[in-house]
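Chain by chain, the residues:
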Amino acid sequence: MSSTPESPRWSRYVAIGDSFTEGLWDSPDGPDAPTRGWADVLAARLSERRVAAGQSPLSYANTAIRGRLLKSIVVDQVPAAIEMTPDLVSLVGGGNDILRPAADIDRLARNLEHAVVRLREAGIDVLLGTGVDAAGSPLVRATRSRVGIYNAHIWSMARRHGAYVVDLWGMRSLLDWRMWAEDRIHLTTEGHARVAQAALVGLGLTPDDEAWDDPLTPLPPTPRTQKMREDAAWVREHVYPWATRRLRGRSSGDLRVPKRPDLTPVE
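Residues numbered from 1 in each chain as written. Predicted model: local features only at pLDDT ≥ 70, side-chain atom pairs only at ≥ 80, totals over all residues. Heavy atoms only, no water.

Student: Any chance you could explain the packing of aromatic side chains here in plain terms?
Tutor: Ring pairs (aromatic) are described by centroid distance and by the angle formed between their planes. The tally for this structure, following the rule as stated, stands at four aromatic pairs. Ring centres of Trp177 and Trp180 lie 6.0 Å apart, and the angle between their planes is 55 degrees; this geometry places the pair in the tilted category. Classification of Trp180 as buried rests on a relative accessible area of 13%. (Phe/Tyr/Trp six-rings, centres within 6.5 Å; stacked < 30°, edge-to-face > 60°. Buried < 20%, exposed > 50% of the residue type's maximum accessible area, 1.4 Å probe, protein only.)

What follows is the structure, given as structure tokens:
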């Protein structure tokens, strides 16, 4: 644990993106409570450090909405973020696009880089995020090669434009399914907390806990019959509804609005 964490230079932070940044499945106060998520936790940590250094609390907005494709994030959320004149924006998106077999990864990367250029030209620091390594997922691992190519683009554009990167692919702890919610797509509260620490590291800051990415103690292997039952339940309860929404042209984020649309001080 760092006894004297450095004071962040950022005072106005806007988080944009999809369900990952909205914080879906991270409701520590109960299933009906508002979602939190890694970006909210990161904002709290940055604000705490500012206050400890005698500065004003961090101002923070989160306009991420579940189900959003990258085009919507770039067209709708990026301009809105620029209008708030932040000095830091986290932009993590493209995961919903990559789940679609026909996704054009190079085009996604070009659109993401266009957004990064706009933000950097406005004098805003940018925090990007790689995709997660889904090698252990029975279905999502089919996207692994596409995610790997997208990640390579992200690291390259970060170097070109001086952006920061939270390396989700490299997190050992996220290879453990105890970090993932029932739908196997979104993180648990513990998973979001660890990503917030990874974001501090990605921003060049000292994490709150040096063991932030230590793997969990291994569990004994799951019996084959139990695993088959769990996989069948997952397909029935999560994959089928998701596929049905896609066929109907609907999204889990339809009619939803940002949970924190304006910059306000972090309590």
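Right, picking up where we left off after that structure.
Student: I'm lost on the packing of helix H5 (residues 105-121) against helix H6 (residues 144-161) in this one. Help?
Tutor: Packed helix pairs are specified by the crossing angle of their axes together with the interaxial distance, meaning the distance between the axes. H6 packs onto H5 with a crossing angle of 25 degrees between their chain directions and a minimal axis gap of 10 Å. On the basis of the axis angle, H5 is roughly parallel to H6. Seen from above, H5 lies across H6 with right-handed handedness. When H5 is examined against H6, the residues Ile105, Asp106, Leu108, Ala109, Leu112, Glu113, Val116, Val117 and Arg120 are found in contact with a partner set consisting of Arg146, Ile149, Tyr150, His153, Ile154, Met157, Arg160 and His161. (Axes fitted to C-alpha atoms, helices over the stretch in contact; angles between N-to-C directions. Helix = DSSP H or I, 4+ residues; strand = E, 2+ residues; numbered from the N terminus. Parallel < 35°, antiparallel > 145°, perpendicular 65-115°, else oblique. Left-handed = near helix turned anticlockwise from the far one by under 90°. Contact = heavy atoms within 4.5 Å.)

Student: I tried to follow the side chain of Asp125 on my own but got confused; where do I start?
Tutor: Inspection of the secondary structure assignment puts Asp125 in strand S4 (residues 125-129). Overall, Asp125 belongs to the buried group, its relative accessible area being 13%. Among all residues touching Asp125, those that are not within four sequence positions of it are Arg9, Trp10, Asp87, Leu88, Val89, Arg120 and Tyr164.

Student: When you look at the pairing of S4 in this model, what are you seeing that I'm missing?
Tutor: Consecutive residues of a regular strand have side chains that alternate between opposite faces of the sheet. Within S4, five of the five residues are buried, which leaves the element mostly enclosed by the surrounding structure. Judged by which residues are buried, S4 turns out to be covered on both faces: Asp125, Leu127 and Gly129 on one side and Val126 and Leu128 on the other are all buried. Inspection of the sheet shows S4 paired to strand S5 (residues 164-166) by three bridges, in the parallel sense. Considered in S5, the bridge of Leu128 is made with Val165. (Pairing = 2+ DSSP bridges.)

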